[in-house]
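Summary of the model geometry
Each chain, written out:
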Amino acid sequence: MSFKQKLQSGIDTVVNVDESEVAGQAYRLGDEFVQLQNASIMMVDDELITMRVLQSFLEEVGYHEFILVDDSVTAMDELRKHRPDILLLDVAMPKVSGFDILKLLRQEDEFAHLPVIILTSSSDAATKLQALDLGATDFLSKPVDSSELALRVRNTLAAKAYQDQLAYYDPLTDLPNRHLFQDRLRWSTSCALRDKGKLALMHVAFDDFNRVTDTFGPKVSDDVFKQLAVKLSGNIRVADAIGCEVVNTDESIDVFRFGGADFTLLLTSIDAIAEAGLVAKRIFEVMCEPLNADGTDVYLKPSIGVAGFPDDASDPATLLKLAVGASSQAIAQGGGRLQFYSTEMNESSLRRMRMEADLRRALAENEFRLLLQPKVSVKDGNIIGAESLIRWHDPARGCISPVEFIPVAEDTGLILPIGEWVLREACNILMSWRKQGINLKMSVNISARQFFEGDLVALVDSVLNEHNFEPSLLVLEMTESILVDDVDTALEILAQLRGLGVQISIDDFGTGYSSLSYLKLFRADEVKIDRAFIMDVTTSKEDQALVYAITYLGREMGFTVCAEGVEDSEQRDYLKKIKCDEYQGFYFSKPISHIEFSALYFSEKAASGHPG
Ligand code: C2E
Ligand code: MG
Ligand code: MG
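Residues numbered from 1 in each chain as written. Chains lettered and ligands numbered in written order. Predicted model: local features only at pLDDT ≥ 70, side-chain atom pairs only at ≥ 80, totals over all residues. Heavy atoms only, no water.

1. A few points about the sheet that holds strand β6 (residues 198-205)
What counts here: By this definition, two strands are paired if DSSP reports at least two bridges between them. Strands here are runs of E lasting at least two residues and helices are runs of H or I lasting at least four, both read from the DSSP assignment and numbered beginning at the N terminus. Here an axis means a line fitted to C-alpha atoms, over the contact stretch when the element is a helix, while the angle between two N-to-C directions is reported on a 0 to 180 degree scale.
Spatial strand order, β7-β8-β6-β11-β12: five strands in an open sheet with mixed pairing. Each edge of the sheet is formed by a strand with only one pairing partner; in this case those strands are β7 (255-259) and β12 (338-340). Between one strand and the next, the sheet's axes are offset by a mean angle of 25°, whatever the strand orientation. Sheet topology note: the β6/strand β11 (residues 303-309) ladder contains seven bridges and is antiparallel. The partner of Leu201 across the bridge, within β11, is Ala307.

Following this line, the structure appears as structure tokens:
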């Protein structure tokens, strides 16, 4: 939460206090000021002990955010880094004095109005005058009296909050205004630059708001505008940007009134500009509900423009220009749509949005199929299991690869119902095998969100209870990169899964961390070497070394090793030479339907002379 926001929470009461009361320091200690106590207080003093004493005085009256700086040389950097709400500044310090700091900070736009209380042991009027000239807000004499300190800090913060309310907040909606937005934009881009992070700026325009004013007049339109502000600011959360509930936060994203019927949002700490698409989706959802104009339902169409920093622009002014330009383009195209500045982003966001809608339909209309790819023993070529691989038969586009839709399903959370469908379908096939006398293992791919978010253990448990096959016939495949995301939780879940009797396989080994110590930690039953290492295994010495090392480790540590993507007999022969256990690949069979799989199984069995 920004300092202005923190103060804002306490402002409703503060503004009721008569300004002369503020100036006259006639303060009541009470609940009304609790929000002010969330202010962050920076102290700069060469004596740490003095600052500690002041901190304990202030803690006693409820303040809890402190930044103590005992090296005045670093004071400006610390100020820029932390942007405190108030500064308590000692005057007499070696190297850089309090006056030097005061002079410097007043030259920077963002600190022009920062409240600074000067701590001075000098009772000399000239020193105080000099401090005032340099822009000090107030004084405190050392040694500092605790109640005097509390009162000064409180008064200064309250007066600042009142000023901020006038300067930085829109009086109609109470939302932070364009000035505060500009300030936050500068601050956020400089943080992103420092942390090598990304930031998306969204400009949300309601160009059809004029209609409301024209139809209902200014009084009703003000009321509708207030509803609009509440709708936007109360419903857009950080979790919408990340796109999942794993983020344990209900924190809302700041919405600024940019001017007219325009709003801006800043998405900080995002991994990809595309995440703005999820926030836009939420805004469209929220705006499907009508606003109430004096008893009449009014629907407004948001036109949303997005530009990313540093991808699209490397300075705040250009970033803003691009986002506003993008929303104008959205309006020009009929409004009620999202437009990224980058065409590439635009296309991929459109594709994703369409795909999400299509995936929901696919789930309802049962458009998914499960194919099986045989897993084969390297030694004798016998089929020893199958990996289930999902396919989506879209009526319009035909067969869509999981590589394309699983990531979208992950982002949107649709992977949970889709993953459950896969697991149930795979178990149904296991049961039908049982009836046919096929006793093979079935591997099922588990994605990150399924592993950490859905209750995988409960799901597997209930599916096992519904069917009666040997649990060890079910193998759950997950990539190492999923497991290392949160090792402790992963180990806990793995232990519970093992407790149910199912087997664990590490998929695509070699592409992620490929840490041998993790292999030991996860105690997998199987490790699958990624296709990338099998592709050139007959020619590349490095790939041979990796495949050999994993095979050797598997033998020593007691896990099965399966090579993925074997496409020819030379690759298979190399695996045979090093005594790798299993392989999968087009050389033996592409993924096929379960009916074709059963037929293949029996014909192979007949050919090897062991029918039935
Ligand atoms: P994966 O689990 O590593 O699956 C192996 C992929 O390699 C499959 O692609 C398979 O068709 C392909 N493959 C097998 N042998 C060969 C070969 O010899 N040459 C070549 N070029 N490719 C081969 P597919 O079916 O497109 O699946 C891709 C990925 O999608 C899977 O990689 C898996 O990560 C994911 N996936 C597939 N089905 C599911 C599912 O039901 N749930 C989840 N969560 N993910 C799935
Ligand atoms: Mg797999
Ligand atoms: Mg794989």
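Further notes follow.
2. A look at the coordination of the magnesium ion (ligand 2)
Metal coordination angles in their ideal form are 109.5 degrees for the four-donor tetrahedron and 90 or 180 degrees for the six-donor octahedron. Filter applied, for reference: A donor here means any N, O or S atom no more than 2.8 Å from the metal (3.2 Å for Na, K and Ca); water is not included, so a site may seem to lack partners.
Protein coordination of the magnesium ion (ligand 2) is provided by Glu387 (OE), Asn445 (OD1), Glu477 (OE) and Asp507 (OD), with donor distances spanning 2.0 to 2.2 Å. Mapped onto the sequence, the residues coordinating the magnesium ion (ligand 2) show the spacing E-x57-N-x31-E-x29-D. A spacing of 3.9 Å is found between the magnesium ion (ligand 2) and the magnesium ion (ligand 3), which share Asp507 as a donor. Linking Glu387 in strand β14 (residues 383-394) with Glu477 in strand β17 (residues 474-479), this pair joins segments that are 90 residues apart in sequence.

3. With respect to the packing of helix α3 (residues 48-60) against helix α7 (residues 146-168)
Rule in force here: Here roughly perpendicular refers to angles of 65 to 115 degrees, roughly parallel to angles under 35, roughly antiparallel to angles over 145, and oblique to all remaining angles. Contacts: residue pairs with any heavy atoms within 4.5 Å of one another. Residues are sorted three ways: Asp, Glu, Lys and Arg are charged, Ala, Val, Leu, Ile, Met, Phe, Trp, Tyr, Cys and Pro are nonpolar, and all the rest, Gly among them, are polar.
At a minimum axis distance of 9 Å, the contact between α3 and α7 shows a crossing angle of 70°. Here α3 is positioned roughly perpendicular relative to α7, judged by the angle of their axes. Residues Leu54, Phe57 and Leu58 of α3 form the contact with α7, whose participating residues are Ser146, Leu149, Ala150 and Val153. Per-class residue counts for the contact of α3 with α7 are six nonpolar, one polar and no charged.

Keep in mind these values describe shape, not function.
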